[in-house]
Amino acid sequence: MLDTPAISGDTFLPLLTENSGSCRAAIFWRAFLAIEFSRKFRAEATAPLCQNRPSPLVGASFLTLNALSPDAVLHHSAARTGAAHSPVICLRFQHGRTTLAGAAQAFVGHRCDLPDSSLGLHGGWDWDGTTLTATVDPLGYFSLFVYRKGSEIAVSPSILQLIAQGADAEPDRVALAVFHRIGHFLGEDTPFRHIKVLPPGGRLVWREGVATITGGPPIPREQTLSRAQAVEGFIELPRAAIRRFLNAWDGPVVLPLSGGRDSRHILLEMVHQGRKPDTVATFHQGGRHHDCEVQAARVVASRAGVDHTLLGHARPRLRDGLRALLLTQLCADEHAQMMPMHDFLRGNPAAAALDGIGGDILTNPDDDAADFFDRARAGDYDGIARSLAAGHGRIISQPHHSGGAGAIYSPDLEEAAIDRISRAIRVFQDAPDPYQAFWFWNRTRREISFVSNGILGNAAMVACPFLSPDFVELGLSLPFTVTRDQRLHDDAIAQAYPDFADIPYEAGFRSRPLPRLRWSRVANLLDNLCVAAMAEPGRALHAMRQAVTDQPLRRGPADIYRLHAQFVAAMSADEARRLIVMEDRLSRAAPTGKGVVSDVVLA
């Protein structure tokens, strides 16, 4: 039985009980409440944010953690994730003087004193009264958004905060067309023309209305290494990165564990170094009916002798999708499935988390990699762009629909989007593997990084061992002949940890099918109606109908792209404030910590 926490009416919609009357009456009752509450949210959201009250992070916001060794100092932001808790600075130079609103200094994310992205992704700024300086981590994997127009500049980790303060929300139609076709933005693009992110190693300097931005992705040279040397590097470099983290952190550790390679590699190396995580956690939504990811993770955890926490309760689909869309600043079409991990860590704020980001693309797991490598060597970047768009379209579309989200939301910009993608790939034409470098500096940096910064962002520390500078350099400089068979990471894990080599990854297990008749599907349907009406209050009945009827896209992507298009089209300062309030309320209403745990298998 799903243990659903009580949610009071003043924070969110009342839950449907078994005594609510007929199903149809309950649906209309919840729809009415959704419309009324969305009107309330809209009214509350009209109040200015930064102008009439101090930012929660005014002044320096460094928090040095207690659980440290004397060898290194880790820092993390004192703010929680979410736009409502994000600092912002707004500056305007006019008539020879600069006016300030917001936080003069801020730090966001996690970092170590060393210039090492594996020990934290971060950004921040400092205004000394004359010059504004803003920076991000060496890889630029932390999204720090910069608004520039005329003599105005504003910086925040939240797009919504920038627009709530008055940033021009003019859409970037070509950037959006790219998003519709591959699910993420390229380079420094965002949905809005005047808002960008800082580049890798980015540094912004603004003084008297004039801004300069430096930084960008380096293009590595190919290293002449044998397969055996590459395997050795894939063992020793992550080992060193994990050792640095363990030397700097002696507090509790939660490791998200999937059925794949990256998180397994981290777990087995921690076991090898004699410092097991306090628990490994795996999310799915099948309760007792374990999918292949859970089965693979459970076998590994059992043999490693660590507690395995399962986040297996059924989840509200549209609510999680909406929360993920806002958490990723309207810049990604994924991560709804990971909201259980986000809520689990919100209830464990003293724990550090480790993320396997980067381990996949740096070891070439992509089935299209060989074809794209050959096309890049032939200079066919346009062909790679079209294949990427077509492949993403097939994944998110119903069988009867072709063209993905682009055919629905930006059909007139097909060629402009393909040209933009092609040029982004061509930037890396001198890399050993242009497609791999493009993917690492674009999709992994601009979409997958929201796992480290958003999904896991409430943890006291987030370490990313595969983003250590030496490992990134190694992975991006290997000859394609070394990685072409897609088994480099498998071989490294098997060689380093032979006692676990017989355990297959998730593909070696068979998911247990969910029963077709289950109460969670009914509860999910009703919740979807409520959330749809709340997300689009101006056309609540239309939104509710869209949330439950078949669409050209598969259900999850259909929800995300519909909401994304609606939010961008309606974006204004008032709309941004409404979304900030809504995101905060949805977050506060969600269960946290033990509330999302379905069972724990102790070591």
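Residues numbered from 1 in each chain as written. Predicted model: local features only at pLDDT ≥ 70, side-chain atom pairs only at ≥ 80, totals over all residues. Heavy atoms only, no water.

With that settled, the discussion passes to the packing of helix 3 (residues 173–182) against helix 19 (residues 555–569). Two quantities define a packed helix pair, namely the angle between the helix axes and the distance between the axes. Contact geometry of helix 3 with helix 19 gives a least axis separation of 12 Å together with a crossing angle of 170°. Comparing their axes, helix 19 and helix 3 come out roughly antiparallel. Of the residues in helix 19, those touching helix 3 at Leu176, Phe179 and His180 are Tyr561, His564 and Val568. Here the residues of the contact of helix 3 with helix 19 are counted per class, giving four nonpolar, two polar and no charged. (Axes fitted to C-alpha atoms, helices over the stretch in contact; angles between N-to-C directions. Helix = DSSP H or I, 4+ residues; strand = E, 2+ residues; numbered from the N terminus. Parallel < 35°, antiparallel > 145°, perpendicular 65-115°, else oblique. Contact = heavy atoms within 4.5 Å. Nonpolar A, V, L, I, M, F, W, Y, C, P; charged D, E, K, R; others polar.)

This paragraph deals with the packing of aromatic side chains. Evaluation of the coordinates by the stated rule reveals eleven aromatic pairs. On the numbers, 6.1 Å between centres and 45° between planes, the contact of phenylalanine 438 with tryptophan 439 is tilted. Each member of the pair phenylalanine 438 and tryptophan 439 is classed as buried. A ring pair is formed by phenylalanine 440 and tryptophan 441, whose centres lie 5.0 Å apart and whose planes are at 90°; its orientation type is edge-to-face. Accessibility expressed as a relative area gives 0% for phenylalanine 440, which makes it buried. For tryptophan 441, a relative accessible area of 3% puts it in the buried group. By the ring-pair criterion, three or more aromatic residues cluster together here, those being Phe372, Tyr435, Phe438 and Trp439. (Phe/Tyr/Trp six-rings, centres within 6.5 Å; stacked < 30°, edge-to-face > 60°. Buried < 20%, exposed > 50% of the residue type's maximum accessible area, 1.4 Å probe, protein only.)

This part covers the side chain of serine 86. Checked against the element boundaries, serine 86 lands in the loop between strand 2 (74–77) and strand 3 (89–94). Using a relative accessible area of 9% as the deciding quantity, one classes serine 86 as buried. In this structure the side chain of serine 86 is engaged in a polar contact, spanning 3.0 Å, whose partner is the backbone oxygen of glycine 82. In contact with serine 86, other than residues within four places in its own chain, are Ser156, Pro157, Ser158 and Gln161. (Polar contact = N/O pair within 3.5 Å; in protein donor to acceptor, adjacent residues only side chain to side chain.)

So, about the pattern of salt bridges. Per the counting criterion, the structure on display carries 39 salt bridges. With a shortest N-O distance of 3.4 Å, arginine 562 and glutamate 536 are connected by a salt bridge. Within this pair, whereas arginine 562 is found in helix 19, its partner glutamate 536 is found in the loop between helix 17 (519–535) and helix 18 (540–548), the two being separated by 26 residues in sequence. Looking at glutamate 536, the relative accessible area reads 1%, which means it is buried. Taken together, the shared-partner salt bridges in this structure form one network comprising Arg227, Arg261, Asp485, Arg487, Asp490 and Asp491. (Salt bridge = Lys/Arg side-chain N within 4 Å of Asp/Glu carboxyl O.)

Bringing empty space enclosed by the protein into the picture now. One way to see where empty space is left: roll a probe the size of a water molecule over the atoms. Under the counting rule described, the total for this entry stands at two cavities of 30 Å³ or more. Its boundaries defined by the atoms lining it, the second largest cavity holds a volume of some 40 Å³. Looking at the lining of the second largest cavity, its residues break down into two nonpolar, four polar and one charged. (1 Å grid on protein atoms, 1.4 Å probe; cavity = no way out; pocket = protein on both sides within 12 Å on 5 of 7 lines; lining within 4 Å. Points joined across faces, edges and corners; volume = space filled by probe spheres on them.)

Considering the arrangement of structural elements, one finds histidine 289 in the loop between strand 14 (279–283) and helix 6 (292–304). Distance in space between the C-alpha atoms of histidine 289 and serine 511 is 7.9 Å, their sequence separation being 222 residues. Contact partners of histidine 289, with chain neighbours within four places excluded, come to His284, Arg512, Pro513, Leu514 and Pro515.

The strands making up a sheet associate through hydrogen bonds between their backbones, and the pairing can be parallel or antiparallel. The antiparallel open sheet is built from five strands, whose spatial order is 4-3-9-8-10. Every interior strand has two partners, whereas the edge strands, strand 4 (97–102) and strand 10 (195–197), have only one. Direction aside, neighbouring strands of the sheet carry axes that sit 20° apart on average. Of the pairings in the sheet, the one linking strand 3 to strand 9 (residues 152–156) comprises four bridges and is antiparallel in character. Within strand 9, the residue paired with isoleucine 89 across the bridge is valine 155. (Pairing = 2+ DSSP bridges.)

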